[in-house]
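Here is how the chains run, residue by residue.
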Amino acid sequence: MLRETVSKLAVEDIEALAGTVLEPGAVLTLYRIERNSGPPLSSDVYQVVMESGGRWYRCPLYRFQARTQALEAAREQGTRAREAVAV
């Protein structure tokens, strides 16, 4: 299932090892949840690894969940909003 960002999503570019931000509307074509292998005291127990625009990123699961939604849900909300305006 495809997802898209609904607000700015701060992520780490895995290849460049640099922080970046995915803008609202960025489509995430592949993603998976992984257990964070970082320090044991890290508050980010789970992270999401995702692909967007041919690049691979990661961020904490809690941040991913709050700033993304299923692409189908986004389309349905957009359709409902257009229907309300047409009335």
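Residue indices follow the written sequence of each chain, beginning from 1 at its first position. Per-residue local features are limited, in this predicted model, to residues with pLDDT of at least 70; the limit for side-chain atom pairs, both in listing and counting, is 80 or more; totals at the level of whole chains, interfaces and linings are taken over all residues. Side-chain measures here rest on the full set of heavy atoms in the structure, leaving out hydrogens and waters.

K.L.:
Explain the side chain of Gln47 to me, and be specific about the residues and the numbers.
P.N.:
When you line up the elements, Gln47 lands in strand E6 (residues 46-52). Once residues within four sequence positions are removed from consideration, Gln47 is found in contact with Arg32, Ile33, Glu34, Asn36, Arg58, Cys59, Pro60 and Leu61. In DSSP terms, a helix is any run of H or I states spanning at least four residues, a strand is any run of E spanning at least two, and both are numbered starting from the N terminus. We call two residues in contact whenever any of their non-hydrogen atoms come within 4.5 Å of each other.

K.L.:
An account of unusual backbone geometry is needed here, citing residue identities and associated values.
P.N.:
Non-glycine residue Leu17 carries a positive phi angle of around 50°. Structurally, Leu17 is set in the loop between strand E2 (9-13) and strand E3 (18-22).

K.L.:
Can you tell me about the sheet that holds strand E8 (residues 68-70), naming the residues and giving the values?
P.N.:
On the basis of which strands lie adjacent, the open sheet formed by three strands has the order E4-E1-E8 and antiparallel pairing. The open sheet is flanked by strand E4 (27-28) and E8, the only strands paired with a single partner. Pairing between strand E1 (residues 3-5) and E8: three bridges, direction antiparallel. Paired with Thr5 across the bridge in E8 is Thr68. At least two DSSP bridges between two strands are required for those strands to pair.

K.L.:
How would you summarise the pairing of E2 if you had to cite specific residues and measurements?
P.N.:
Here the term buried applies to any residue with accessible area under 20% of the maximum for its type, exposed to any over 50%, and partly exposed to those in between, with areas from a 1.4 Å probe on protein chains only. With burial as the criterion, only one face of E2 is covered, namely that bearing Leu9, Val11 and Asp13; the residues Ala10 and Glu12 on the opposite face remain uncovered. Here five bridges tie E2 to E3, and the two strands are oriented antiparallel to one another. Following the sheet pairing, Glu12 is matched in E3 by Gly19. Where E2 folds back onto E3 in an antiparallel hairpin, the turn is made up of four residues, including Leu17, whose phi is positive at roughly 50°. Bridge count between E2 and strand E7 (residues 55-60): two bridges; the pairing is antiparallel. Considered in E7, the bridge of Asp13 is made with Tyr57.

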